[in-house]
Amino acid sequence: MLSSFLQRTVFHSIRRGASSRGRFRNFINISPEVKEALHCGKPVVALETTILTHGMPYPHNRETALVVEEIVRSHSVVPATIGVIDGKIHVGLTSSQLDQLADPEEPKVKISCRDLPVACSKGLSGGTTVSGTLFIANSVNIKIFVTGGMGGVHRHGNISFDISSDLTQLSRTPVGVVSSGIKSILDIPRTLELLETLGITVVTFGPSKEFPAFFTPKSGCYVDNNMETPLDCARLLDANARQETNSGLLIAVPIPTDVACEGLAVEDAIQVALKEADTSNVTGKEVTPFILKRVNELTKGESLKANIALIKNNASVGSKIANELSQLRQ
Ligand code: PSU
Ligand code: MN
């Protein structure tokens, strides 16, 4: 009985080829602008929304989302901001949908890949994390995704096992993530080790091989390769696609030095926030939003300023890469 069920399932998936992705695509609402761009092979960049719902305070969250979209457009690239509204997955949000997600009065969930079925079946609204956004972007064939920072191994994650599903999702999704590495609230050396274990190509963008520490360009950790230009990054993405590794890439862009935070001041704030999270028993998916909020409060908005500046810079770098990639493929 079971085996015939399995046979049928396997048979169906083979017969329909990329069927599961194809069918999933039918559940996604793609905005007319993004649909047209994908259809004509114009460059498109995916953007996440947890940053909007859980990463930044109002009204900075809304303003940043709009400015980032504008930056992408200024490079003649189409922004595809991804989120879930009333149980429907959207690729390309209208400004009123962005408002709804940014509104602190509206209840919203943080949606990683594993939360998608729950959000959709219960009709919830929320921001998609890097993991959720990656999955959706790939389903509609968007190959570049810009964000501030990816999730990673939390400090003491070797004991708590608090490791973001962003890492595992990237390891099985052939999309290039452009981010300022991972936030220094995390354990950068262990995250780099895990990225290696998971087979994820990691490069830095620019002249240095030093992996950025989000708020500052320096982490003291080095990767093997840097990409000097957007064209180099596009060639890398193209090679990854041709090799059909099926795994993603991380392009780590250091924060521009003129807007970087004082490393020590941020580190002090992180230490305080981590202790508070521990004593207040903050666990699971609440940890990252809690620490981001407290670090922002403790640095009197300095960390938020840096966060916004680096996302804007990443949007510009990601858009240039998207343009180069689309040129390569013509
Ligand atoms: N880093 C940031 N701001 C954020 C996040 C990360 O600088 O808002 C969000 C991203 O959406 C990321 C998620 O995917 O936090 C990771 O959460 P967790 O550690 O619970 O997996
Ligand atoms: Mn976690």
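Just so it is clear, the structure is predicted and the values come from calculations on it, not from any experiment. (Residues numbered from 1 in each chain as written. Chains lettered and ligands numbered in written order. Predicted model: local features only at pLDDT ≥ 70, side-chain atom pairs only at ≥ 80, totals over all residues.)

**Topic: the overall build of the chain**
Quick note on the threshold: Starting at the N terminus, helices and strands are each numbered in turn, a helix being any DSSP run of H or I of at least four residues and a strand any DSSP run of E of at least two. Only C-alpha atoms enter the radius of gyration; for comparison, a globular chain is expected to reach 2.2 Å times N to the power 0.38, where N is the number of residues. Exposure is read from a count of other C-beta atoms within 10 Å of each residue's own; the residue is exposed at 12 or fewer, buried at 20 or more and partly exposed in between. C-beta atoms are placed from the backbone. Once C-beta atoms are placed from the backbone, any two residues with those atoms within 7 Å are in contact.
Of regular secondary structure, the chain possesses 15 helices and eleven strands. Its C-alpha atoms give the chain a radius of gyration of 19 Å, within 12% of the compact-globule value 20 Å for 330 residues. Taken along the three principal axes of its C-alpha coordinates, the chain extends 60 × 40 × 40 Å. For the chain, the proportion of its 330 residues judged to be buried stands at 48%. Across the chain, every contact between residues at least 6 apart in sequence was considered, and the portion connecting residues at least 24 apart equals 75%.

**Examining the packing of helix H5 (residues 60–74) against helix H15 (residues 302–328)**
Filter applied, for reference: For helices, the fitted line uses only the C-alpha atoms of the stretch in contact; every axis is such a line through C-alpha atoms, and the angle between N-to-C directions lies from 0 to 180 degrees. Roughly parallel covers angles under 35 degrees, roughly antiparallel covers those over 145, roughly perpendicular covers 65 to 115, and oblique covers all other angles. Here a crossing is called left-handed whenever its near helix is offset anticlockwise from the far helix by less than a right angle, and right-handed whenever the offset is clockwise. Put simply, Ala, Val, Leu, Ile, Met, Phe, Trp, Tyr, Cys and Pro go in the nonpolar bin, Asp, Glu, Lys and Arg in the charged bin, and everything else, Gly too, in the polar bin.
Between H5 and H15, whose axes approach to 9 Å, the crossing angle comes to 20°. One way to sum up the angle between H5 and H15 is to call them roughly parallel. Relative to H15, the crossing made by H5 is right-handed. Of H15, the residues touching H5 (which contributes His60, Thr64, Val67, Val68, Ile71 and Val72) are Leu304, Ile308, Ile311, Lys312, Ala315, Ser316 and Ser319. The residue makeup of the contact of H5 with H15, split by class, is eight nonpolar, four polar and one charged.

**Here's the deal with the site of ligand 1**
Where we set the bar: Any residue whose C-beta atom, as placed from the backbone, lies within 6 Å of a molecule or strand is termed near it.
Close contacts around ligand 1 come from 17 residues, with Thr50, Gly55, Val130, Gly151 and Ser164 the closest. When residues of the shell around ligand 1 are traced back to their parent elements, those giving at least two are helix H4 (50–55), helix H10 (165–171) and helix H14 (287–298). For the shell around ligand 1, the element with the highest residue contribution is H4, accounting for four residues. Each residue belonging to the shell around ligand 1 can be placed in one class, and the counts come to three nonpolar, ten polar and four charged.

**Some remarks on the environment of Ile89**
Position of Ile89 relative to the elements: it lies in strand E4 (residues 88–91). A residue is classified by how many C-beta atoms lie within 10 Å of it, and Ile89, with 24 of them, is buried. Here the alpha-carbon distance between Ile89 and Ile136, two residues 47 residues apart in the chain, equals 8.3 Å. Ignoring anything within four residues of it in the chain, the contact list for Ile89 reads Phe27, Ile28, Asn29, Val84, Cys120 and Ile136.

**Some words on the nonpolar core**
Rule in force here: What we call a nonpolar core is a set of buried Ala, Val, Leu, Ile, Met, Phe, Trp, Tyr and Cys residues whose membership is set by joining through C-beta atoms within 7 Å.
Counting 84 residues, the largest nonpolar core has Val45, Ala80 and Val177 as the members making the most contacts within it. A per-element tally of this core places H15 first, with eight residues. If we skip the residues at most four places from it in the chain, Val45 touches Val72, Val77, Pro79, Ala80, Ile144, Val146, Gly318, Ser319 and Ala322.

**What about the pairing of strand E9 (residues 201–205)?**
Each regular strand displays side chains that alternate between the two surfaces of the sheet. We count it as follows: Strand pairing is assigned whenever DSSP identifies at least 2 bridges connecting the two strands.
By the bridge criterion, four bridges tie E9 to strand E11 (residues 249–252) in an arrangement that is parallel. Paired with Thr204 across the bridge in E11 is Ala252. As paired strands, E9 and strand E10 (residues 226–227) are joined by two bridges and run parallel to one another. Counted as the bridge partner of Thr204 is Asn226 from E10.

**Focus on the pairing of strand E3 (residues 78–85)**
Burial runs high along E3: eight of the eight residues are buried. Burial of E3 is two-sided: the residues Val78, Ala80, Ile82 and Val84 facing one way and the residues Pro79, Thr81, Gly83 and Ile85 facing the other way are all buried. By the bridge criterion, four bridges tie strand E2 (residues 44–47) to E3 in an arrangement that is parallel. Its bridge partner being in E3, Leu47 is matched across the sheet by Thr81.

**Description of the packing of helix H13 (residues 263–279) against H14**
Packing of H13 against H14 leaves a shortest axis separation of 9 Å and a crossing angle of 135°. Taken together, H13 and H14 sit at an angle that is classed as oblique. Between H13 and H14 lies a crossing whose hand is right-handed. On H14, the residues touching Val266, Ala269, Ile270, Val272, Ala273, Leu274, Glu276 and Ala277 of H13 are Val287, Phe290, Ile291, Arg294, Val295 and Leu298.

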